[in-house]
Amino acid sequence: MLVALCHALEGHDAERIEAASAEALAIADALGDLHLRCMALNARYWVCLTPDRRDDLETLGHDLLAASAAAGLLGYQTLGHFSLLMVALSRNDWTTARRHADKAMELSTSGQLGLALGILAFLDAVHLLVRGEFERAESVYTQLGERLASTGDANGAMVGTVGRFVVKLAAGRVHESVEELAALWERLPQDVAELYTRALAGAGRLEEARVAWASARVPRRDYYWLVFMSLRADNAIAFGHRAAAEECYRLLLSSDGELAGLHSGSVTLGPVAHTLGDLAAFLGRPGDAEAHYLRAAEVARQVGSPHWEEAARREADNAALTRRRR
């Protein structure tokens, strides 16, 4: 019942999931039941997805693999490998991530095969985006959204829309997402407000963007937290909102070695360090901005992203010029 409670509360009450999953794990361990331990670890997964709990997620992944192997429960092996895939992506390690994705598919049960294939497809889409193959990435995201929608998945349309949004943002065409996001914003204003605001701002429609941003909520600390915080940073800069920019800077600083959202295995906005550079420049700290942009170029090079590396080096040069003029 505790495990069922955790699954029901996912995305709604992190504190109760934390307590309930810890209690479930303690009961399973006290009973020495590996099946119950796998169930409890599955529930515990939901509280290990925030950027500040990468070590916990890695431990959970290994614990799931060990317990499920000992109990002969292959279904939990898939979740264990997916957890470790997320950890590898947070470290910009494509090779290890792909190995875990392949193992997740190999060990998936018949009911999980579609999920495992989906993981591989999303990984391919985000890899195309990182490499700068924008047309192919957009096509894959569109196909994924259509495939999910055809199975009755309520989020299918959103998957395609968000995937196309991140590609267009990276390609400098974010204004093209306005109409598509407008329809989603009408239905789910809090969920897509940061995306819709960013698209409107990119189209130069600042007054409409300001209205949309008013409906945004504080980003939930889940596997998309870095995506929404990075978008919030962009929007704070667009509106000259210094307090929000300072908060974003403080919260994002510890994630400067990641690509925002990459650890989800589905989307990314590029190096968090680039966003930190933009924030530092906006806050009047060109020296810090230059350092962040150089860090962003290093991260982009590490993951094999020439377009994000070039953009970061260009902004580093601009920041250096601003610094010298002072």
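## With respect to the overall build of the protein chain
- For the protein chain, the count of helices and strands is 17 helices and zero strands.
- For 326 residues, the compact-globule estimate of 2.2 N^0.38 gives 20 Å, and the C-alpha radius of gyration of the protein chain, at 20 Å, lies within 12% of that figure.
- Dimensions of the protein chain along its principal axes, counting C-alpha atoms only, are 65 × 40 × 35 Å.
- Expressed as a percentage of the 326 residues in the protein chain, the buried residues total 52%.
- For the protein chain, the accessible area works out to roughly 14700 Å², and carbon and sulfur atoms hold 53% of it.
- Across the protein chain, the 34 positively charged side chains and the 43 negatively charged ones have centroids separated by 4 Å.

## Notes on the layout of surface pockets
- What the second largest pocket holds in volume is close to 490 Å³.
- Lining the second largest pocket are 26 residues, with Leu169, Ala170, Arg198, Leu269 and Trp308 positioned closest to its centre.
- Top element by residues in the lining of the second largest pocket is helix H17 (residues 306-325). It accounts for five residues.
- The class makeup of the residues in the lining of the second largest pocket is eleven nonpolar, nine polar and six charged.

## Quick notes on the side chain of His307
- Tracing the chain through its elements places His307 in helix H17.
- Overall, His307 belongs to the buried group, its relative accessible area being 18%.
- Separated by 3.0 Å, the side chain of His307 and the backbone oxygen of Leu129 make a polar contact.
- A polar atom in the side chain of His307 sits 3.1 Å from the backbone oxygen of Val130.
- With near-sequence residues (within four places) excluded, His307 lies in contact with Leu129, Val130, Arg131, Gly132, Phe134 and Ala170.

## Re helix H3 (residues 34-44)
- Along H3, the positions that sit buried rather than exposed are Arg37, Cys38, Ala40, Leu41, Asn42, Ala43 and Arg44.
- Check the buried side of H3 and you find it contacts helix H1 (2-9), helix H2 (14-31), helix H4 (54-71) and helix H5 (74-90).
- N-cap assignment for H3: the residue whose side-chain oxygen lies 2.9 Å from the backbone N of His35 is Asp33.

## As for unusual backbone geometry
- Despite not being glycine, Asn92 shows a phi value in the positive range, around 65°.
- Inspection of the secondary structure puts Asn92 in the loop between H5 and helix H6 (94-107).
- Taking the relative accessible area as the measure of exposure, Asn92 reaches 7% and is therefore buried.

## As for the nonpolar core
- In this structure, Leu85, Tyr141, Phe165 and Leu252 are the most contacted members of the largest nonpolar core, which totals 97 residues.
- Not counting residues within four places of it along the chain, the set of residues in contact with Tyr141 comprises Phe122, Ala125, Val126, Leu129, Gly160, Gly163, Arg164, Val166, Val167, Ser266 and Val267.

## Considerations on H2
- With 18 residues, H2 extends 26 Å between its outermost C-alpha atoms, agreeing within 8% with the 26 Å of an ideal straight helix rising 1.5 Å per residue.
- Along H2, the residues that are buried comprise Ile17, Ala20, Ser21, Ala24, Leu25 and Ala28. Down the axis of H2, the sector holding all buried residues measures 135°, keeping them to one side. Residues Glu15 and Ala30 are exposed on H2 and point more than 90 degrees away from its buried face.
- Each element contacted by the buried residues of H2 is listed here: H1 and H3.
- Following H2 by one or two positions, Gly32 adopts a phi angle in the positive range, close to 70°.

## A look at the side chain of Ser21
- Among the secondary structure elements, Ser21 is positioned in helix H2.
- Ser21 sits in the buried class, given a relative accessible area of 0%.
- Discounting residues that sit within four places of it in the chain, Ser21 has contacts with Cys6, Ala43, Arg44 and Val47.

## Some thoughts on the confidence of the model for the protein chain
- Across the protein chain, pLDDT averages 93, with 97% of residues at or above 70.
- Mean pLDDT values for the elements of the protein chain range from 86 in helix H7 (residues 113-131) up to 98 in helix H15 (residues 272-282).

## Notes on the packing of aromatic side chains
- Going through the model one piece at a time under the given rule, you end up with four aromatic pairs.
- Of note, Arg221 hangs over the ring of Trp225, and the distance from its end group to the ring centre comes to 4.3 Å.
- Here the guanidinium or amino end of Arg285 rests over the ring plane of Tyr249, the centre of that ring lying 4.8 Å away.

## Digging into the packing of helix H14 (residues 242-252) against H15
- H15 packs onto H14 with a crossing angle of 145° between their chain directions and a minimal axis gap of 10 Å. In this structure, H14 crosses over H15, and the sense of that crossing is left-handed. In this structure, H14 contributes Arg242, Ala245, Cys248, Tyr249 and Leu252 to the contact, and H15 contributes Val272, Thr275, Leu276, Leu279, Ala280 and Phe282.
- A class-by-class count of the residues in the contact of H14 with H15 yields nine nonpolar, one polar and one charged.

Analysis parameters
- Residues numbered from 1 in each chain as written.
- Predicted model: local features only at pLDDT ≥ 70, side-chain atom pairs only at ≥ 80, totals over all residues.
- Heavy atoms only, no water.
- Helix = DSSP H or I, 4+ residues; strand = E, 2+ residues; numbered from the N terminus.
- Rg over C-alpha atoms; globule rule 2.2 N^0.38 Å.
- Buried < 20%, exposed > 50% of the residue type's maximum accessible area, 1.4 Å probe, protein only.
- Areas by Shrake-Rupley, 256 points an atom, 1.4 Å probe, with all protein chains shown as cover.
- Lys, Arg positive; Asp, Glu negative; His and termini not counted.
- Charge placed at Lys NZ, Arg CZ, Asp CG, Glu CD.
- 1 Å grid on protein atoms, 1.4 Å probe; cavity = no way out; pocket = protein on both sides within 12 Å on 5 of 7 lines; lining within 4 Å.
- Points joined across faces, edges and corners; volume = space filled by probe spheres on them.
- Nonpolar A, V, L, I, M, F, W, Y, C, P; charged D, E, K, R; others polar.
- Polar contact = N/O pair within 3.5 Å; in protein donor to acceptor, adjacent residues only side chain to side chain.
- Contact = heavy atoms within 4.5 Å.
- Core = buried A, V, L, I, M, F, W, Y, C linked by side-chain atoms within 4.5 Å.
- Expected span 1.5 Å × (residues − 1).
- Arc of directions from axis to C-beta.
- pLDDT = per-residue confidence, 0-100.
- Phe/Tyr/Trp six-rings, centres within 6.5 Å; stacked < 30°, edge-to-face > 60°.
- Lys NZ or Arg CZ within 6 Å of the ring centre and 35° of its normal.
- Axes fitted to C-alpha atoms, helices over the stretch in contact; angles between N-to-C directions.
- Left-handed = near helix turned anticlockwise from the far one by under 90°.

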